[in-house]
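# Observations on the three-dimensional arrangement
Next come the chains, spelled out residue by residue.
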Amino acid sequence: MRKSTPVFLAIIIFLGPALFAGLSRQIVTYDLKARLVPDEKKIEGQEVLTWLNDSDMPVSELQFHLYLNAFKNNRTTFMKESGGSHRGFKLDKENWGFITVKNIRIQDGADLTPSMTFIQPDDGNSDDQTVMKVGLPTPVKPREKITLVIEFTSKMPKVFARSGFVGDFFMVGQWFPKIGVFQDGAWNCHQYHSTTEFFADFGVFKVDITAPEKFVVGATGKRIAEKKNADGTKTYTHYQEDVHDFAWTVCPDFIEFKEKYTLDDPRVETEMILLVHRAHIKQKDRYAQALRNGLEFYSKSYGAYPYETITLVDPAPGAMAAGGMEYPTLFTADTITWLPKGVRLPEMVTIHEFGHGYWYGMVGSNEFEEAWLDEGINTYSEIKAMTKYYGEDRSMLDIGGIKVGSVAYNRISVIGSGRFDPIVKNSWQYISRGSYALNVYSKAGLMLLTLERWLGEDVMSRIMKAYFERWKFRHPTTKDFVQVAEEVSGTDLSWFFNQVLTSPDKLDYAISNLKAVEIEEAEGIFDGQTNEPKKEAKAGDKPKPAPKMYRNEVTVARYGEWIFPQDILIVFENGEKVRQTWDGKDRWTRFIYTKNTKVVSAEVDPEHKIVLDANYANNSRILGLKRPAVVKVALGFMKWFQGLLSFVSL
Ligand SMILES: [Zn+2]
């Protein structure tokens, strides 16, 4: 039967935007031209930006991120917060970075340059120029668009935090005036802080990059054109829809490798582009295999990788500060010139940064305000991927008999952690960078792994798939994640999330005491019994030795504020094992067993399901034994590895 025309038309109108506007609501369209001037370490830029007012109210001012101004002087908010160093890399005072907007006007309309004003919505620091606003002569009405033409110069700093140059290597990220997100009736456009990352709207990017011919160029999106210019330069045009940022890189010492990657279920077809610095060429295969693993793991676990390219950038030696950073369809990996196979730094960084393509790239959560939605979910995913491909007990380190898995590695940060900040908090308001990292990365990752072991892997897998499917190409919040988790699991999880997301405390259960006290035969005076003396045993009577009886006490304590149900395994001398459960709500509980055998050991969470437990060392006790000493060598290695990783942005 044919559908009647009005119904058919109504369907077309209703589905129209979804059918024809790409994968995301395309709020922005950037047409950028960038000309690299290598000797001056700068980029001459032109930007034509079309912005859609997707809100229900007229908008009379626009706000822009000018991220590079964080590197302009030592009084910017970024510099004050970081003290001029980021992950162990120091700023070079000979090479500041900045962005100058030379003019900004409405296409075929008013010049807005005179209305440009720097604002500081987060801290009022008048030396900070990382956010700019411009006033409009007439407001942009709801559902209408405005097109602006902007001319700017970006001076790249010597790289010490993500963007910049070292010699002829350039990592060009956060380099153009980027419009903020108009949300809930206001601009969401935070300053660049030392702990924060980014937030922007999805759209379409077409970018012309012009650089001297000797440079090998890589960039977000697909290369759609390439032409030689008369002045010895080349112009490369890249195009990508449904992304919210655009980054590029150049270096004459990159060696480019291209490889087609396909997967049948789900269907994935993309081109892997590896730009490996010639000094690290021996590690190319490690990068390539890690990227294949990442593509397979994330596509199968969360949803098919949808873009036509994925570019891995291996920063030049000396540019490690540019490494371990994500941009749409492009990320920077990291390595050092010589690295034993068992130190899985390039693998871990590759999988982690590729993974951001999902939790930062496609699921566009606000990294300023709820960084865990990206870093935490990504740490959880990374742990699972590393475990799958490199072995549960050795996924991070496997060298000279020392093995460290991804879970153990992340747990190291949580052990003995301070109780200053929760997982959900504005990123720039943590007490320290360490507290930010510990909460939004490790604690959040272990929190999700604990939830997985509580709900079961199958339920958790459905939650993650549903969350990705529902929120890709949108801007979810923590509330949205919790809602999906509760909906898919069919369980009220508020008891769990209310504690772990918003309270700065920790989860720590312990066997606080273990006792086996022999019960002596009854002696003394008991009411209701005769006081006659016991008959002497006749000579020759063999006294039947009564079996010794013990009062066994197992005391389980809650040292942290977070409450989580506990399993307890108690083992007796005769081999008997008893499993006990406890709701974990009181500060302590005691289990008593009167038996003709002694308790020898007890352990909370014997299967180590609750990886969020801050201290495993107190989880078990053996009768008569002091606390087992922590294996110092393994711990020492882990600290060393952590030190190595602390130089990576991740
Ligand atoms: Zn990360």
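Residues numbered from 1 in each chain as written. Predicted model: local features only at pLDDT ≥ 70, side-chain atom pairs only at ≥ 80, totals over all residues. Heavy atoms only, no water.

When its domains are assigned, the protein chain resolves into domain 1 (21–227), domain 2 (387–502) and domain 3 (509–521 + 547–609 + 617–637). Taken together, the contacts link 13 residues of domain 2 with twelve residues of domain 3. Buried area between domain 2 and domain 3, both sides added, is near 1100 Å², and the carbon and sulfur share of it is 71%. Between domain 2 and domain 3 we count zero salt bridges in total. Counting across the domain 2 and domain 3 interface gives three residue pairs in polar contact (both at pLDDT 80 or more). (Domains from an automatic or database assignment. Contact = heavy atoms within 4.5 Å. Buried area = accessible area lost by both parts, 1.4 Å probe. Salt bridge = Lys/Arg side-chain N within 4 Å of Asp/Glu carboxyl O. Polar contact = N/O pair within 3.5 Å; in protein donor to acceptor, adjacent residues only side chain to side chain.)

Time to look at the nonpolar core. Within the largest apolar cluster, 184 residues are counted, with the highest numbers of intra-cluster contacts made by Trp-51, Trp-175, Trp-248, Trp-372 and Phe-497. The greatest single-element share of this core, amounting to eleven residues, is contributed by helix H7 (residues 433–455). (Core = buried A, V, L, I, M, F, W, Y, C linked by side-chain atoms within 4.5 Å. Buried < 20%, exposed > 50% of the residue type's maximum accessible area, 1.4 Å probe, protein only. Helix = DSSP H or I, 4+ residues; strand = E, 2+ residues; numbered from the N terminus.)

So, about the pattern of salt bridges. Scanning all chains against the criterion turns up 39 salt bridges. Among the salt bridges present, the one from Glu-269 reaches Arg-267, with a minimum N-O distance of 3.0 Å. We classify Glu-269 as partly exposed; its relative accessible area is 44%. Within this structure, Arg-25, Asp-54, Asp-56 and Arg-143 form a network of salt bridges that share partners.

The next subject is the pairing of strand E18 (residues 233–243). Every regular strand shows the same layout, with side chains that alternate between the two sheet faces. Of all the eleven residues making up E18, nine are buried; the element is thus mostly covered by neighbouring parts of the structure. Judged from the ten bridges that link them, strand E15 (residues 203–212) and E18 form a sheet pairing that is antiparallel. Across the sheet, Asp-208 pairs through a bridge with Thr-237, a residue of E18. Of the strand pairs in this sheet, strand E17 (residues 222–228) and E18 are connected by six bridges, and their pairing is antiparallel. What sits directly across from Lys-228, in E18, is Lys-234. (Pairing = 2+ DSSP bridges.)

To continue, consider unusual backbone geometry. For residues besides glycine, phi is generally negative; the peptide bonds are generally trans as well. In the segment running from Asp-265 into Pro-266, the intervening peptide bond is cis, with an omega of -5 degrees. Looking at the secondary structure, you find Pro-266 in the loop between strand E20 (254–263) and strand E21 (268–277). Its identity as a non-glycine residue notwithstanding, Asp-108 has a phi of 55 degrees, on the positive side. Checked against the element boundaries, Asp-108 lands in the loop between strand E6 (98–106) and strand E7 (117–118). For Asp-108, a relative accessible area of 79% corresponds to the exposed category.

Here we take up helix H4 (residues 345–362). An ideal rise of 1.5 Å per residue puts 26 Å on 18 residues; H4 measures up with 25 Å between its terminal C-alpha atoms. Where H4 bends most, the angle comes to about 30 degrees, and this point is His-356. Most of H4 is tucked away: 18 of the 18 residues are buried. (Expected span 1.5 Å × (residues − 1). Bend = angle between axes of the 7 residues up to and from the residue.)

With that settled, the discussion passes to the sheet that holds strand E8 (residues 131–140). Overall, antiparallel pairing links the four strands, which are arranged E7-E8-E3-E12 in an open sheet. Edge strands, defined here as strands with exactly one partner in the open sheet, are E7 and strand E12 (178–179). When strand E3 (residues 59–65) meets E12, the two strands line up antiparallel, connected through two bridges. Within E12, the position partnered with His-65 by the bridge is Lys-178.

Here the focus is the packing of helix H6 (residues 406–414) against H7. Between H6 and H7, whose axes approach to 9 Å, the crossing angle comes to 125 degrees. Judged by the inter-axis angle, H6 sits oblique to H7. The crossing of H6 and H7 is left-handed. Across from Val-407, Asn-410, Arg-411, Ser-413 and Val-414 in H6, the residues of H7 making contact are Leu-438, Ser-442, Lys-443, Leu-446, Leu-449 and Arg-453. Classifying every residue of the contact of H6 with H7 by side-chain character gives five nonpolar, three polar and three charged. (Axes fitted to C-alpha atoms, helices over the stretch in contact; angles between N-to-C directions. Parallel < 35°, antiparallel > 145°, perpendicular 65-115°, else oblique. Left-handed = near helix turned anticlockwise from the far one by under 90°. Nonpolar A, V, L, I, M, F, W, Y, C, P; charged D, E, K, R; others polar.)

Let us now look at the side chain of Lys-384. Tracing the backbone shows Lys-384 in helix H5 (residues 372–390). In this structure Lys-384 touches Phe-297, Leu-449, Glu-452 and Glu-457, once residues within four positions along its chain are discounted.

Take the packing of aromatic side chains next. Inspection of the entire model under this criterion finds 47 aromatic pairs. Arranged with centres 5.1 Å apart and planes meeting at 70 degrees, the rings of Tyr-30 and Phe-176 form a pair that is edge-to-face. In this pair, Tyr-30 sits in strand E1 (residues 28–37) while Phe-176 sits in the loop between strand E11 (169–172) and E12, placing the two residues 146 residues apart along the sequence. According to the relative accessible area criterion, Tyr-30 is buried, its value standing at 2%. Looking at Phe-176, the relative accessible area reads 1%, which means it is buried. Seen from their ring centres, Phe-496 and Phe-564 are 6.1 Å apart, and the 70 degrees between their planes marks the pair as edge-to-face. Of the two residues, Phe-496 sits in helix H10 (residues 494–502) while Phe-564 sits in the loop between strand E28 (549–558) and strand E29 (566–572), which places them 68 residues apart along the sequence. Across the pair, Phe-564 and Phe-496 agree in class, each one buried. Above the plane of the ring of Tyr-616 lies Arg-411, whose end atom (NZ or CZ) is 3.3 Å from the centre. (Phe/Tyr/Trp six-rings, centres within 6.5 Å; stacked < 30°, edge-to-face > 60°. Lys NZ or Arg CZ within 6 Å of the ring centre and 35° of its normal.)

Among the eleven residues of strand E9 (residues 145–155), nine are classified as buried, and the element is accordingly described as predominantly covered. Two strands pair when backbone bridges link them, and E6 and E9 are joined in this way by eight bridges, in the antiparallel orientation. Residue pairing across strands places Asn-103 opposite Glu-151, the latter belonging to E9.

The next subject is the environment of Lys-515. Within the secondary structure, Lys-515 is located in strand E27 (residues 509–519). Note: C-alpha distance between Lys-515 and Ser-601 (86 residues apart in sequence) is 9.7 Å. In this structure, Lys-515 is in contact with Arg-551, Asn-552, Glu-553, Val-599 and Leu-623, ignoring residues within four places of it in sequence.

Looking at where Gln-129 falls in the secondary structure, it is placed in the loop between E7 and E8. When near neighbours in sequence (up to four residues on either side) are disregarded, Gln-129 contacts Leu-66, Asn-69, Lys-72 and Phe-118.

Take the environment of Tyr-509 next. By secondary structure assignment, the location of Tyr-509 is in strand E27. Only 3.0 Å separates the side chain of Tyr-509 from the backbone nitrogen of Phe-564, close enough to count as a polar contact. A polar atom in the side chain of Tyr-509 sits 2.8 Å from the backbone oxygen of Gly-584.

With that settled, consider the environment of Ala-211. Within the secondary structure, Ala-211 is located in strand E15. C-alpha of Ala-211 to C-alpha of Tyr-390: the two residues are 179 residues apart in sequence and 40 Å apart in space. Excluding its chain neighbours within four sequence positions, the residues that come into contact with Ala-211 are Leu-36, Val-217, Thr-233, Lys-234 and Val-250.

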